[in-house]
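Report on the structure
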Amino acid sequence: MALLEVIALTAADARAAQEGGADRVELVADMAADGLTPDPHVVAEARRATTLPIRVMLRANAGFGTTGRELSRLLETARRLRDCGADGFVLGFLDPFGHLDLGSTGKLATAAGPLPWTFHRAIDHAADPAAAWRTLRQAHGGPDTVLTAGSPRGVDAGLDLLVRRAAEGPDAAALIMAGGGLRRRHVAPLAAAGVTAFHVGTAVRPDGSWHRPVDPGLVADWRALVSAARPRDA
């Protein structure tokens, strides 16, 4: 069955995601900055509110780079968040030239281990997204999921690229989690290409607003949608 991941900002969001039938929660803070690391107490509250797997964002600023001081703080934060109930993490960095910062990303992934992790949408903002994608596909001990819209402008602009990446083979398709402006009309072509993981945020909130809580009914609508979608050869 296809995986449905819902962005949560609070424990109540996480509870609503589970009520609606989501498979996993991505817990973040400050969506005005596209998602930063939440406070440990929020992670602990979310852990008490849901039995769903919780992947927690490890990101200290609104960009996709990091500094040595920031990275040191994130390394310690990862350990604290794991103790608070995180089941996995969402992370990834670019260097000042827009290439994958494998050093910083690898250090943080190692600190987060042995928990699984998602490489987030930094890939869509890379100077050479194709090279970044190849590197992530080949990385030993790399992410089990790459959250990507295929374009910094969102899935509308990146849909064709996601379909082409999925066509590289089952392993490639399994690595993709489509998200970033994902809309209902995108699900069928992505599923037909072999994509089985979908990530939503404003789509499961009334009026599409981050100021409104996750709505279990909207989550249920998405659950039905992604569950009904089938690969082309199914």
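Figured I'd write up the structure that's included with this text. (Residues numbered from 1 in each chain as written. Predicted model: local features only at pLDDT ≥ 70, side-chain atom pairs only at ≥ 80, totals over all residues. Heavy atoms only, no water.)

When its secondary structure is counted, the protein shows 9 helices and 8 strands. For a compact globule of 234 residues, the expected C-alpha radius of gyration is about 17 Å, and the protein comes in at 16 Å, within 12% of that figure. Considering only C-alpha atoms, the protein reaches an extent of 45 × 40 × 30 Å along its principal axes. Going through the 234 residues of the protein one by one, you find that 54% of them count as buried. Counting contacts in the protein only where the partners sit at least 6 residues apart, residues at least 24 apart contribute 65% of the total. Total accessible area computed for the protein in this model is approximately 10,300 Å², and 53% of it derives from carbon and sulfur atoms. Within the protein, one finds 26 positive and 26 negative side-chain charges whose respective centroids are separated by 1 Å. (Helix = DSSP H or I, 4+ residues; strand = E, 2+ residues; numbered from the N terminus. Rg over C-alpha atoms; globule rule 2.2 N^0.38 Å. Buried < 20%, exposed > 50% of the residue type's maximum accessible area, 1.4 Å probe, protein only. Contact = heavy atoms within 4.5 Å. Areas by Shrake-Rupley, 256 points an atom, 1.4 Å probe, with all protein chains shown as cover. Lys, Arg positive; Asp, Glu negative; His and termini not counted. Charge placed at Lys NZ, Arg CZ, Asp CG, Glu CD.)

With that settled, consider the layout of surface pockets. Size it by volume and the largest pocket reaches roughly 460 Å³. Lining the largest pocket are 25 residues, with Ile7, Met31, Asp34, Arg121 and Gly180 sitting closest to its centre. Class assignment for the residues of the lining of the largest pocket results in 11 nonpolar, 9 polar and 5 charged. Around the second largest pocket, the lining comprises 13 residues; the ones closest to its centre are Gly106, Ala109, Trp117, Gly141 and Gly142. No other element matches helix H4 (residues 102-112), which puts 5 residues into the lining of the second largest pocket. For the lining of the second largest pocket, the residue count by class is 6 nonpolar, 7 polar and no charged. (1 Å grid on protein atoms, 1.4 Å probe; cavity = no way out; pocket = protein on both sides within 12 Å on 5 of 7 lines; lining within 4 Å. Points joined across faces, edges and corners; volume = space filled by probe spheres on them. Nonpolar A, V, L, I, M, F, W, Y, C, P; charged D, E, K, R; others polar.)

The subject of this paragraph is helix H2 (residues 40-49). Among the residues of H2, those classed as buried are Pro40, Val42, Val43, Ala44, Ala46 and Ala49. Contacts made by the buried residues of H2 are with helix H1 (11-20), strand E2 (24-27), strand E3 (54-57) and helix H3 (68-84).

Per the stated rule, a full pass over the model turns up 11 salt bridges. Asp156 is the partner of Arg185 in a salt bridge, and the nearest nitrogen-oxygen pair spans 2.8 Å. You can see Arg185 sitting in helix H8 (residues 184-193) and its partner Asp156 sitting in helix H6 (residues 155-166), a full 29 residues away along the chain. The exposure class of Arg185 is exposed, given its relative accessible area of 55%. (Salt bridge = Lys/Arg side-chain N within 4 Å of Asp/Glu carboxyl O.)

Of the consecutive residues Gly113 and Pro114, the connecting peptide bond is found in the cis state with omega at 5°. With respect to the element layout, Pro114 can be found in the loop between H4 and strand E5 (117-119). A positive phi angle, close to 55°, is found at Asp30, a residue other than glycine. Position of Asp30 among the secondary structure elements: in the loop between E2 and H2. For Asp207, which is not glycine, the phi dihedral falls at a positive 65°. Note that Asp207 resides in the loop between strand E8 (197-200) and helix H9 (216-228).

The residue Leu81 is located in helix H3 in this model. C-alpha of Leu81 to C-alpha of Pro40: the two residues are 41 residues apart in sequence and 5.7 Å apart in space.

By the element assignment, His120 lies in the loop between E5 and helix H5 (129-138). A residue is classified by how much of its surface remains accessible, and His120, at 3% relative accessible area, is buried. For His120, the side chain forms a polar contact with the main-chain oxygen of Gly92, separated by 3.1 Å. Apart from the residues lying within four places of it in its own chain, the contact partners of His120 are Met57, Arg59, Phe64, Val90, Leu91, Gly92 and Leu147. (Polar contact = N/O pair within 3.5 Å; in protein donor to acceptor, adjacent residues only side chain to side chain.)

Positionally, Glu70 belongs in helix H3. As a buried residue without a salt bridge, Glu70 has its nearest oppositely charged side chain in Arg73, at a separation of 4.7 Å. Within the structure, Glu70 has its side chain in polar contact with the side chain of Asn61 (distance 2.9 Å). In this structure Glu70 touches Ala60, Asn61 and Gly65, once residues within four positions along its chain are discounted.

All right, on to H3 then. Between its first and last C-alpha atoms H3 spans 24 Å; for 17 residues at 1.5 Å apiece the expected length is 24 Å, and the two agree. Buried residues of H3: Glu70, Leu71, Leu74, Leu75, Thr77, Ala78 and Leu81, and no others. Contacts made by the buried residues of H3 are with H2, E3, strand E4 (88-91) and H4. Directly beyond the C-terminal end of H3, a positive phi value near 120° is found at Gly85. (Expected span 1.5 Å × (residues − 1).)

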